[in-house]
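# A closer look at the structure
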Amino acid sequence: QQISCDLKLAAVSESTLECIQYFTMFVAILISGLLADRFGCRKVTLSSLYLSALSSVVCAIVADYTTLLLSRALIGFSVGLNYSVHGVMIGKLASNKAILDEILTVSSLMYSVGGVWSAVLGY
């Protein structure tokens, strides 16, 4: 709410800010397997983490709507890249199948619950 007041955004612009992150996450999930096969899971994971950190900093200091929209899109893209590749990375590290199942379950749950809790805590 504070962002929309500061940037004087209409309701459509607010909705676009919310949706762009999920749309670019969807696109990144579709291509992340191809990127991981070509460049390796580790490089894709590290580049997604760097991109997420950089985009978050830009998002925190932004002063206009277009840059905020672009930085939110890049955050969604980086989360989508990491979402698809993290299971493979964890699978390579875990030696016991039971532990692997538990780790993947908790990790996938955190992607779902983490978004809700960050909104609740941020409000």
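For the structure itself, look to the data block above.
Residues numbered from 1 in each chain as written. Predicted model: local features only at pLDDT ≥ 70, side-chain atom pairs only at ≥ 80, totals over all residues. Heavy atoms only, no water.

## Comments concerning the overall build of the protein
Of regular secondary structure, the protein possesses five helices and zero strands. Principal axes of the C-alpha set define a box for the protein whose edges measure 55 × 30 × 20 Å. Across the protein, the fraction of contacts at a sequence separation of at least 24, relative to all contacts at a separation of at least 6, is 70%. Summed over its atoms, the accessible surface of the protein is roughly 8,400 Å², and 68% of this surface lies on carbon and sulfur atoms. (Helix = DSSP H or I, 4+ residues; strand = E, 2+ residues; numbered from the N terminus. Contact = heavy atoms within 4.5 Å. Areas by Shrake-Rupley, 256 points an atom, 1.4 Å probe, with all protein chains shown as cover.)

## Side note on the nonpolar core
The biggest cluster of nonpolar side chains holds six residues, and these are Ala28, Ala36, Cys41, Val44, Leu81 and Val85. At the level of elements, α2 (11–39), α3 (41–61) and α4 (65–93) are the ones that each hand at least two residues to this core. (Core = buried A, V, L, I, M, F, W, Y, C linked by side-chain atoms within 4.5 Å. Buried < 20%, exposed > 50% of the residue type's maximum accessible area, 1.4 Å probe, protein only.)

## Here we look at the environment of Glu102
On the secondary structure map, Glu102 appears in helix α5 (residues 97–122). Considered as a pair, Glu102 and Ser112 are ten residues apart in the sequence and their alpha carbons are 16 Å apart.

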